[in-house]
Amino acid sequence: MGQADAIKLLPLLFHENLPMLPGYVDKQTPCGIPNFSPSALQKKIAKSVSRSFQWRGRAYRQYQIAGLYLMGSTGTLAQSLRSDLDLWVCLNEALDEKAFNKLRQKADLISLWMAEKGIELNCYLVFEQQFKRQSKKSIGSDSCGNTQNFLLLDEFYRTAIWLSGRMPLWWLIPPDEDYTEYSLRLLNHKHLSKLDWLDFGNVDAIPAEEHFSAALWQLYKALESPYKSALKLLMLEIYARHFPRAGLLSEDYKRRIYEDISELENLDPYLMVLNHAEAFLLDQPQRLEFMRRAF
């Protein structure tokens, strides 16, 4: 089995809870993704993992996993042979501690199985309401504690790749509309069902405390990845110059989609970072040259 096949199997591994498949903890482990049915290829890959696997579609009383998304550099100009995969395992509501720990174990076992295929997979359990409530909980080591929710959500909206489950409501709200008012109108007038969408909320602006926390975190991360941290610090500087106005890349990305811009070079989120940074540093040639080298 190749790495591509292993990645294709991820939705099935989180949807099912079977002893013959990677990720099995016990019968009470949360599983199930809404609107998911494996393709013929996914069934074939699962068969190559376990000959005893048989797909038996069944109705779940509840779907405990709302959706799966890869986010970050995957599928972009910035992806390399050594890039890891960041997977958001999205949940509609918080699980009790026992269920959460079992799902965490399931995700860890799947990550170990992926590591055997030469893939570094980082799974993050993300609750739908944690951004809207400005949650004080960290979702992982890369989130730098409790004050980078909006920066993380900005990155998610411009880099996320949908694998299965519910899609972000954010994409249905036009760029110039009031997010709360427009989303309530869609829901209250029954234009869509809330059960079909994930609503992480909008990113209006990055709070001042997030700029400070993220800058400190990137200084620490620079010990391992100085060029990557230099680029992220530059983007923080650009965002800070726009404060308190937004000027966020996620909003620019959405605007391009709504304007029907479809050329790949205009939609690669990391190429957007480069172009954004170049425009900002036009009158600072030394920093511009360093930024290009870092990129």
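Per chain, the residues get numbers from 1 upward, laid out in the order the sequence is written. It should be noted that, the model being predicted, local features are given only for residues of pLDDT at least 70 and side-chain atom pairs only at 80 or more, the latter also being counted only at that level, while totals for whole chains, interfaces and linings use all residues. Hydrogens and water molecules were not included; the side-chain quantities draw on all heavy atoms of the structure.

Colleague: Can you tell me about the nonpolar core, naming the residues and giving the values?
Modeller: Counting residues in each nonpolar core, the largest one holds 47 residues, and the members touching the most others are W88, F156, F200 and M291. Take the buried Ala, Val, Leu, Ile, Met, Phe, Trp, Tyr and Cys residues and link them wherever side-chain atoms come within 4.5 Å; each set so joined is a nonpolar core. Under the scheme applied here, a residue whose accessible area is under 20% of the maximum for its type counts as buried, over 50% as exposed, and between as partly exposed, the area being computed with a 1.4 Å probe on protein chains only. The next biggest cluster of nonpolar side chains, apart from the first, holds 31 residues, and it includes L13, L21, I45 and A107.

Colleague: Now, about a nonpolar patch on the surface: what can you tell me, with residues and values included?
Modeller: Each patch is built from residues that are more than 30% exposed by relative accessible area and take part in no salt bridge. Like charges join if they lie within 9 Å; nonpolar side chains (Val, Leu, Ile, Met, Phe, Trp, Tyr) join within 5 Å. Here, Shrake-Rupley sampling with a 1.4 Å probe gives the accessible areas, and only protein chains in the shown set may cover a residue. A carboxyl oxygen of Asp or Glu within 4 Å of a side-chain nitrogen of Lys or Arg is what we treat as a salt bridge. Together, F212, L216 and L219 give the surface a local cluster of nonpolar side chains, amounting to about 340 Å² of exposed area. Each helix is a run of H or I in the DSSP string that is no shorter than four residues. Each strand is a run of E no shorter than two, and both are numbered from the N terminus. Structurally, the position occupied by L219 is in helix 7 (residues 208-221). Since its relative accessible area comes to 53%, L219 is described here as exposed.

Colleague: Please give an account of the pattern of salt bridges that cites residues and values.
Modeller: Applying the stated criterion across every chain, the model contains eleven salt bridges. Between R158 and D154 there is a salt bridge; the shortest N-O distance is 3.4 Å. Of this pair, R158 and D154 both sit in helix 5 (residues 149-159), four residues apart, which is roughly one turn of that helix. For the pair formed by R158 and D154, the shared burial category is buried. With its nearest N and O atoms 3.2 Å apart, the salt bridge here joins E237 to R241. Placement of both E237 and R241 in helix 8 (residues 226-242) is noted, with a separation of four residues, approximately one turn of the helix. Here the salt bridges do not stand alone but share partners, grouping E237, R241 and R287 into one network.

Colleague: Give a description of the pairing of strand 1 (residues 67-71) that names residues and reports values.
Modeller: Extensive coverage of strand 1 is indicated by the burial of five of its five residues. Going residue by residue along strand 1, you find G67, Y69 and M71 tucked away on one face and L68 and L70 tucked away on the opposite face as well. In this description, strands pair whenever DSSP reports at least two bridges between them. Looking at chain direction, strand 1 and strand 2 (residues 85-91) are connected through five bridges and run antiparallel. Within strand 2, the residue paired with G67 across the bridge is C90. Relative to strand 4 (residues 161-165), strand 1 runs antiparallel, the two sharing four bridges. In the strand pairing of strand 4, Y69 is matched with W162.

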